[in-house]
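Single-letter residue listing:
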Amino acid sequence: MSVDQQTVKRVARLARLKVKDEDVPRLAGELNAILGFIEQLNEVDIATVEPMTSVVTMKMKMRQDEVTDGHYPQKIVANAPAKDDDFFMVPKVVE
Amino acid sequence: MTSLTALTISAAREGLKKKQFSALELTDAYLAAMEKARLLNAYVVETPEKAREMARASDARLAAGQGGALEGIPLGIKDLFATEGVHTQACSHILDGFKPQYESTVSANLWRDGAVMLGKLNMDEFAMGSSNETSYYGNVINPWKRKGSNAALVPGGSSGGSAAAVAAHICAAATATDTGGSIRQPAAFTGTVGMKPTYGRCSRWGIVAFASSLDQAGPIARDVRDAAIMLKSMASVDPKDTTSVDLPVPDYEAAIGRPIKGLRVGIPKEYRVDGMPAEIDALWQKGAEWLKAEGAEIVEISLPHTKYALPAYYIVAPAEASSNLARYDGVRYGLRVPGDDIVDMYENSRAAGFGREVQRRILIGTYVLSAGYYDAYYVRAQKVRTLIKQDFDKAWSEVDLVLTPATPSPAFAPGEITDPVQMYLNDIFTVTVNMAGLPGIAVPAGLSADGLPLGLQLIGKPFGEETLFQAAAAIEQAAGRFSAWPCW
């Protein structure tokens, strides 16, 4: 599979990365080099193999469904680039 | 008296206990050394006031006959660990100004045991790199130089600041993280000891996420004993990390000096890669001979899927990274670059905030996870991962641990490797360990013809860290210690 420039633009859009037009050919080349490197996985027979989901066999830990943390909105918004009281500020989304 | 910064953790611990010097004196000695070593660019932030305050508190506890396992020991913390109120930016522009309101579990464990924070250490941006050339804060310089040369070399990555700082004696030891080799490769490049424990041994809570199924914290230290002391404090069972494994933390230091007679050590034939320098191969054989001389049994083994580990890694790691890094959008923290609307703002912020290597990996990750490709890439890679793990599971019926080189070469010069895939090959010996979730340790074992440190890697069974410390100590004993001091 080879990535063309249109695909680079589409993927960049999905990833919410603004890519300059002049950078697209370079990125396409780099992505194709990496995808070419990855291609060798196709020679592995995986027909009867289960995907790895955890490193050591362990049961997913469960805890009581109760509130154990919170009630400090000031801390939550402390690092926001734009805030108003306890709210994150973003550009207008709904007219 | 030798300089206080020349002391290992175990020696400093003794000196503090015997009141030969105070924790404040020890910390001040490090702060002065850090100032003189700024050209290495190992620290991105120094925290002298916090360090002195912590050292004074240590002195008070020591005077009262109290004190934890790391009381008064000055450490450097990789910028990936959240430290409350202190610069934590994964060395990325996108986290500009971020000061966490909380402390990572690993660093909190160290402070609980009395350690002193000297500052935050440089690293590859979001831990993506093998040479510390992707940091927003600039390259870290390896304190080692080639014989007869003054040219700068890379310290390896991504924990390049941690490794350089330990080698240059500007911290007693450092925290680091390892997703594909980021503890062991820089340790090998700087003549230090780097331990990546079993996945689930150290809590990932409060560590900036790169690839969640691979990331694991561990120490970089000057010798095997110090690495064992550090891991004992860093490791814990943490309810805040669901992948934290519910096993008590053993006393790793007790494993050092235990005879290795009868240990079965595997030599995987697939690690004899094409184009491997003769000196790496010779070092590997020497390592096997040292262990044999101590009574270990050397067994040739096969790990047939080794060559697929790196390509599978370059699906799994970017896929998980693209997902983890989706949170950086200019809303909740870090850099915001305005745009015409909210999506434009996201795109501008991310384009300005992420460096080239990070953007490359986000794009690859987004591509392999995009509609129609998930099975062909991510699921296939996770299946290959199962095969890699099964290779090791089979090996464990024959051997107790595996010996390999740590890296395919000694440290190289900044700018020497520009092709991304070529750079990825640095992790060829280390990445299988992350894919299988196993513990691995890099221990200095010799010098290259150019006088640069070379490391060997030992790989253990899940939660076999004690065996690794035991065998690594035997290698250290045979190989001797290597100091960067003559170099700078």
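Our structure's up above, just so we're on the same page.
Rules used in this analysis
Residues numbered from 1 in each chain as written. Chains lettered and ligands numbered in written order. Predicted model: local features only at pLDDT ≥ 70, side-chain atom pairs only at ≥ 80, totals over all residues. Heavy atoms only, no water. Helix = DSSP H or I, 4+ residues; strand = E, 2+ residues; numbered from the N terminus. Rg over C-alpha atoms; globule rule 2.2 N^0.38 Å. Buried < 20%, exposed > 50% of the residue type's maximum accessible area, 1.4 Å probe, protein only. Salt bridge = Lys/Arg side-chain N within 4 Å of Asp/Glu carboxyl O. Phe/Tyr/Trp six-rings, centres within 6.5 Å; stacked < 30°, edge-to-face > 60°. Lys NZ or Arg CZ within 6 Å of the ring centre and 35° of its normal. Contact = heavy atoms within 4.5 Å. Buried area = accessible area lost by both parts, 1.4 Å probe. Polar contact = N/O pair within 3.5 Å; in protein donor to acceptor, adjacent residues only side chain to side chain. Nonpolar A, V, L, I, M, F, W, Y, C, P; charged D, E, K, R; others polar. Patch = residues over 30% accessible without salt bridge, like charges linked within 9 Å, V, L, I, M, F, W, Y side chains within 5 Å. Areas by Shrake-Rupley, 256 points an atom, 1.4 Å probe, with all protein chains shown as cover. Axes fitted to C-alpha atoms, helices over the stretch in contact; angles between N-to-C directions. Parallel < 35°, antiparallel > 145°, perpendicular 65-115°, else oblique. Left-handed = near helix turned anticlockwise from the far one by under 90°. Pairing = 2+ DSSP bridges.

Draft legend 1. Quick peek at the overall build of chain B. Across its full length, chain B holds 15 helices and eleven strands. For chain B, the C-alpha radius of gyration of 21 Å lies close to 23 Å, the compact-globule estimate for 488 residues. Its C-alpha atoms give chain B principal-axis dimensions of roughly 65 × 55 × 50 Å. The burial tally for chain B puts 67% of its 488 residues in the buried class.

Draft legend 2. Fine view of the pattern of salt bridges. Scanning the model with the defined rule gives 28 salt bridges over all chains in all. Notably, a salt bridge pairs Arg146 of chain B with Asp450 of chain B, separated by 3.3 Å at the nearest N-O pair. Of this pair, Arg146 of chain B sits in the loop between β3 (116-121) and α5 (160-167) while Asp450 of chain B sits in the loop between β10 (440-447) and β11 (453-460), and the two are 304 residues apart along the sequence. On the accessibility criterion, Asp450 of chain B (34% relative accessible area) is partly exposed. Put simply, Asp23, Arg26 and Glu30 of chain A together with Glu357, Arg360 and Arg361 of chain B are held in one network by salt bridges that share partners.

Draft legend 3. Representation of the packing of aromatic side chains in the model. Residue and element names in this part refer to chain B. Throughout the structure, instances matching the rule amount to 17 aromatic pairs over all chains. Judged by centre distance (3.6 Å) and plane angle (10°), the rings of Tyr314 and Tyr424 are stacked. Residue Tyr314 is located in helix α9 (residues 309-324), and its partner Tyr424 is located in helix α13 (residues 420-424); the two are separated by 110 residues in the primary sequence. Through successive ring pairs, a cluster of aromatic residues spans Phe98, Phe126, Tyr328, Tyr333 and Phe354. Over the face of the ring belonging to Trp205 we find Lys240, whose NZ or CZ atom lies 4.0 Å from the ring centre.

Draft legend 4. Region of interest: the interface of chain B and chain A. Listed per partner, the contact involves 67 residues of chain B and 47 residues of chain A. The three residues of chain B that bury the most area against chain A are Glu347, Leu363 and Arg380 of chain B, which together make up 13% of that side's buried surface. At the boundary of chain B with chain A, the tally comes to four salt bridges. The shortest N-O distance in the salt bridge between Glu347 of chain B and Arg13 of chain A comes to 2.9 Å. The tally of links between chain B and chain A comes to 18 residue pairs in polar contact (both at pLDDT 80 or more). Mapped by element, the contributors of at least two residues to the side of chain B that touches chain A are α9, α10 (342-353), α11 (356-369), α12 (375-395), α13 and α14 (431-436) of chain B. The element contributing the most residues to the side of chain B that touches chain A is α12 of chain B, with eleven residues. Class assignment of the residues belonging to the side of chain B that touches chain A gives a composition of 35 nonpolar, 16 polar and 16 charged.

Draft legend 5. Inspection of a nonpolar patch on the surface at higher detail. A cluster of nonpolar side chains, contributed by Val90, Val93 and Val94 of chain A, occupies part of the molecular surface with about 280 Å² of accessible area. Following the sequence through the fold, Val93 of chain A ends up in the segment after β2 (87-88).

Draft legend 6. Just helix α1 (residues 9-17) of chain B, in detail. All names here are of chain B. By the burial criterion, the buried members of α1 are Ile9, Ser10, Ala12, Gly15 and Leu16. As for α1, its buried residues are in contact with α2 (23-36), α3 (48-63), β4 (173-178) and α7 (224-234). Within two residues after α1, Lys19 carries a phi angle of roughly 60°, on the positive side.

Draft legend 7. Fine view of unusual backbone geometry. Here the bond from Gly157 of chain B into Ser158 of chain B is cis, since omega is 5°, no more than 30 degrees from zero. A positive phi angle, close to 55°, is found at Arg16 of chain A, a residue other than glycine. Residue placement: Arg16 of chain A occurs in the loop between α1 (5-14) and α2 (24-38). By relative accessible area, which is 31% here, Arg16 of chain A ends up partly exposed. Even without glycine at this site, His169 of chain B takes up a positive phi of about 60°. In this structure, His169 of chain B sits in the loop between α5 and β4. Residue class for His169 of chain B comes out buried when judged on its relative accessible area of 11%.

Draft legend 8. Fine view of the packing of α2 of chain B against α3 of chain B. Residue and element names in this part refer to chain B. At a closest axis distance of 8 Å, the pairing of α2 and α3 adopts a crossing angle of 160°. Classified by the angle between their axes, α2 and α3 sit roughly antiparallel to one another. The element α2 and its partner α3 pack so that their crossing is right-handed. Touching Ala23, Leu24, Thr27, Asp28 and Leu31 of α2 are Pro48, Ala51, Arg52, Ala55, Arg56, Ser58 and Asp59, all from α3. Of the residues in the contact of α2 with α3, the class split is six nonpolar, two polar and four charged.

Draft legend 9. Looking closely at the packing of α1 of chain A against α11 of chain B. Running from N to C, α1 of chain A and α11 of chain B cross one another at 95°; their axes reach a closest spacing of 9 Å. Judged by the inter-axis angle, α1 of chain A sits roughly perpendicular to α11 of chain B. For the pair α1 of chain A and α11 of chain B, the contacting residues are Thr7, Val11, Ala12 and Leu14 of chain A in the first and Leu363, Thr366 and Tyr367 of chain B in the second. Grouping the amino acids of the contact of α1 of chain A with α11 of chain B by side-chain chemistry returns five nonpolar, two polar and no charged.

Draft legend 10. Structural context of the environment of Val11 of chain A. Among the secondary structure elements, Val11 of chain A is positioned in helix α1. Those residues in contact with Val11 of chain A that lie beyond four places of it in its chain are Leu363, Thr366 and Tyr367 of chain B.

Draft legend 11. Structural detail: the sheet that holds β4 of chain B. All names here are of chain B. Taken together, eleven strands build an open sheet; the order of strands is β1-β3-β2-β4-β6-β5-β10-β11-β9-β7-β8 and the sheet is mixed. Edge strands, defined here as strands with exactly one partner in the open sheet, are β1 (43-46) and β8 (297-301). Direction aside, neighbouring strands of the sheet carry axes that sit 30° apart on average. The pairing of β10 with β11 spans seven bridges and is classified as antiparallel. Its bridge partner being in β11, Leu447 is matched across the sheet by Pro453. Across the face of the sheet, helix α15 (residues 465-479) comes into contact with β5 (193-196), β9 (401-405), β10 and β11 while running at roughly 5° to β10.

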